[in-house]
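Next come the chains, spelled out residue by residue.
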Amino acid sequence: MTSSATDSSTVDRWWRTAVVYQVYIRSFADGNGDGTGDIAGLRSRLPFLRDLGVDAIWINPWYRSPLADGGYDVADYRDIDPQYGTLDQAEALITEAHEHGIKVIGDLVPNHTSDQHVWFAEAVAAPIGDPSRERYHIRPGTGPDGAEPPTDWRSVFGGPAWTRLDDGEWYLHLFAPEQPDLNWDHPEVRSEFCDVLRFWMERDLDGFRVDVAHGLVKDPTFPDANEAQRLLAGSEGRENHPFWDRDGIHPIVREWRAVLDEYPGGRMLVAEAWVPRPERLALYLRPDEYHQSFNFNLLEAAWEAGDYRRIIAETLEVQGGVGAAPTWVMSNHDVVRHPTRLGLPNGTDWRAWLLDGDRSILDAEAGLARARAATMLTLALPGGTYLYQGEELGLPEVHDLPTDVLDDPVWERSDHQAKGRDGCRVPLPWTTDGPSFGFGDAEPWLPMPDSFGPLSVDAQRGDSDSTLTLYTEALRVRREHLVTDEALTWLDLGDDVLAFERGSGVRCVVNFGTEPIALDGEVLLASGPLTADGGLPTDTTVWLG
Ligand code: GLC
């Protein structure tokens with residue numbers, strides 16, 4: 001490769017300010033009429049994404065997969081699932097996106113494969129002790145006859161993290177049993193993923209989102225996790241958790257980074273690392289590791305100025321300290337959509353609410369107003385923003401999906417104690433009517449509520465008050481005024497108001513309080529109507545020139 005590829009002074013560091021639009025391909029647009037979104041559908045909608053003004057798309061896993069966990073169970077990392085299309089179509093999509101000025105990020109799933117992956121099939125067919133088993137964590141059990149699992153570890157989706165094979169040994173799966181965990185101490189696992197990265201870099205992908213980046217490495221002594229660690233799995237945690245955020249992750253990331261640096265054009269890696277302590281997260285962002293990481297802290301924040309201000313300040317300080325550009329995320333395919341989340345009273349456990357919470361506590365109108373305000377806030381901050389498909393339409397969570405249509409393994413694995421993530425994965429509405437509101441010609445894989453018609457792209461396009469128009473305008477104004485520098489200066493407008501100025505002189509003001517506040521300056525954009533005398537109402541953000 002050319003030396004310019006590794007010379008950091010010439011690398012296009014586009015991701016530092018990029019607006020990346022997440023495409024949950026299964027639900028974006030169905031091009032071949034089988035009820036499932038696909039590459040053909042996505043290609044046909046690229047002009048929509050160009051007009052919206054996004055810089056890049058991140059496509060959730062599109063590889064060959066039995067879809068036991070929506071594609072996060074990969075059977076072949078070098079091929080496209082037939083439901084989504086072909087490798088040729090994927091290559092054509094990447095080319096066409098580039099022609100529209102849109103970068104394309106894939107989704108690398110290294111913590112586990114599918115149980116249908118050739119490696120796992122080989123391991124299961126092999127006798128106990130065969131070297132092919134060492135690519136996974138396959139171990140004898142404990143207790144009489146090894147009938148108890150090797151450790152007390154729990155799966156993220158519920159139930160034990162171990163499943164017993166017919167020959168009596170157990171294999172580890174931190175997620176569903178169809179997702180056996182790879183052994184990252186195995187040299188073939190290490191080299192295979194470097195090759196997979198190369199495979200896609202050769203096909204001109206601009207980078208990868210890395211799934212469960214805080215996973216991968218397990219304590220080789222396989223200790224029991226005590227109760228506190230079990231409950232806190234993946235969250236605050238302790239140092240030296242047996243399977244989350246272990247120090248051994250970092251040498252692996254450095255190998256991947258070295259592979260990416262062989263390629264020209266600014267290829268990037270973004271970590272899905274649920275590591276809430278900012279100083280631990282910063283380790284993933286050192287100059288020879290990830291280019292950036294999702295920052296999920298705002299997504300968990302209460303709707304109040306103090307919480308937002310604290311999280312933003314802390315993020316800027318810690319990530320800036322290692323030279324990384326921060327990212328902001330309000331929604332994705334794993335969480336309740338933010339207009340619904342923000343419509344619930346502060347402190348509501350929205351994951352629990354989804355299952356059986358009191359629906360009357362949801363204020364959908366306030367939720368949408370806050371969601372629009374929050375998005376405008378994140379778009380005004382230094383760094384990059386990840387948008388999740390459908391948020392540009394203000395789509396709410398479909399919280400009333402009947403349980404017999406649920407597809408997320410969380411529902412069954414949790415013994416129906418968690419409803420899962422299907423409510424944010426309902427297909428997108430493109431037209432105001434038709435059997436699946438323009439998503440495709442067939443019955444969609446998840447039912448779409450009637451309320452989606454008026455929220456469709458067609459219904460919102462050209463409507464100056466619509467959420468689609470707000471997002472389009474916000475991205476346009478952002479390009480013009482808010483991607484010029486990485487500085488932010490806080491302004492004090494009282495405890496219930498969050499306000500700051502960017503280096504361009506543009507100010508962002510968010511009113512979390514109950515009373516309107518007076519404004520001065522030219523209004524570039526507001527997330528909702530101002531008061532008759534030009535004041536900023538509650539739950540509203542404005543950008544002032
Ligand atoms: C990540 C993905 C999620 C998936 C899990 C297991 O958290 O975002 O959708 O279920 O990893 O791969």
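First, a word on what this report is: a plain description of the structure on this page. Residue numbers restart at each chain and count upward from 1, following the sequence in its written direction. Only residues with pLDDT of 70 or above have their local features reported here, since the model is predicted, and side-chain atom pairs are shown and tallied only from 80 upward, although totals for entire chains, interfaces and linings are computed over all residues. Hydrogens are left out, water is left out, and the side-chain values use all remaining heavy atoms of the structure.

Before going further, it helps to examine the environment of F294. Structurally, F294 is set in the loop between β11 (292–293) and α9 (305–321). Exposure categories follow from relative accessible area, calculated using a 1.4 Å probe and restricted to protein chains: below 20% of the type maximum is buried, above 50% is exposed, and the middle band is partly exposed. On the accessibility criterion, F294 (3% relative accessible area) is buried. Counting along the chain gives 20 residues from F294 to W274, while the straight-line C-alpha distance between them is 8.4 Å. Residues count as neighbours in contact if any of their non-hydrogen atoms are within 4.5 Å of one another. Residues contacting F294, with those up to four places away along its chain left out, are W58, R209, V270, A271, E272, L281, T327, V329 and Y386. Under the DSSP-based scheme used, a helix requires at least four consecutive residues in state H or I and a strand at least two consecutive residues in state E, with every element numbered from the N terminus.

Whenever a carboxyl oxygen of Asp or Glu lies within 4 Å of a side-chain nitrogen of Lys or Arg, that contact is scored as a salt bridge. For the structure on display, the rule yields 37 salt bridges. For E289, the salt bridge is made with R254, and the minimal N-O distance between the two is 3.0 Å. Remark: R254 occurs in helix α7 (residues 249–260) and E289 occurs in the loop between α8 (278–281) and β11; sequence separation between them is 35 residues. Judged by its relative accessible area of 0%, E289 is buried. Assessed through its relative accessible area of 31%, R254 is described here as partly exposed. Salt bridges here are not isolated pairs; linked through shared partners, they connect D69, D334, D408, R421 and R425.

Nonpolar core, defined: a set of buried Ala, Val, Leu, Ile, Met, Phe, Trp, Tyr and Cys residues in which side-chain atoms within 4.5 Å join the residues together. Core analysis: the largest hydrophobic core is formed by 145 residues, its most contacted members being W62, W256, Y308 and W543. Sort the elements by how many residues they give to this core and helix α5 (residues 187–202) lands first, with eight residues. When neighbours within four sequence positions are excluded, Y308 is seen to be in contact with L298, A301, A302, W303, M330, L342, A374, L377, L498 and F512. Core analysis: the second largest hydrophobic core is formed by 15 residues, F157, A176, F243 and W244 among them.

With that out of the way, let us pick up the site of the ligand. Nearness is defined per residue: one heavy atom within 4 Å of the molecule or strand is enough. Not every one of the 14 residues close to the ligand is listed here, only the nearest: D69, D211, E272, H333 and D334. Whenever two N or O atoms come within 3.5 Å, that pair is a polar contact, provided that in protein one can donate a hydrogen and the other can accept it, and provided that, for residues adjacent in sequence, both atoms are side-chain atoms. Contacts to the ligand include D334, whose side-chain N or O atom sits 2.4 Å from an oxygen atom. Note on areas: these come from Shrake-Rupley sampling with a 1.4 Å probe, and a residue is covered only by the protein chains present in the view. Considered on its own, the ligand offers 300 Å² of accessible surface; in the complex 96% of this is hidden by protein. A per-class count over the shell around the ligand returns four nonpolar, three polar and seven charged. We call Asp, Glu, Lys and Arg charged. Ala, Val, Leu, Ile, Met, Phe, Trp, Tyr, Cys and Pro are nonpolar, and the rest, Gly among them, are polar.

Next up on the list: the environment of E148. Within the element layout of this structure, E148 appears in the loop between β6 (138–139) and β7 (162–164). A relative accessible area of 44% means that E148 is categorised as partly exposed. In this structure the C-alpha to C-alpha distance between E148 and L182, which are 34 residues apart in sequence, comes to 21 Å. Beyond its immediate stretch of four places on either side in the chain, E148 contacts G141, T142, G143 and W170.

Their axes nearest at 10 Å, the elements α5 and α7 cross at an angle of 30 degrees. One way to sum up the angle between α5 and α7 is to call them roughly parallel. Both α5 and α7 take part in a crossing whose hand is right-handed. Residues R190, F193, C194, L197, R198 and M201 of α5 touch α7, and the partners they reach there are P251, I252, E255, W256, V259 and L260. Of the residues assigned to the contact of α5 with α7, the class counts are nine nonpolar, no polar and three charged. For helices, the fitted axis covers only the stretch in contact; all axes are lines through C-alpha atoms, and the angles between them, taken along N-to-C directions, range from 0 to 180 degrees. Reported orientations rely on four angle classes, namely roughly parallel under 35 degrees, roughly antiparallel over 145, roughly perpendicular from 65 to 115, and oblique for the rest. A crossing counts as left-handed when the near helix is turned anticlockwise from the far one by less than a right angle, and as right-handed when that turn is clockwise.

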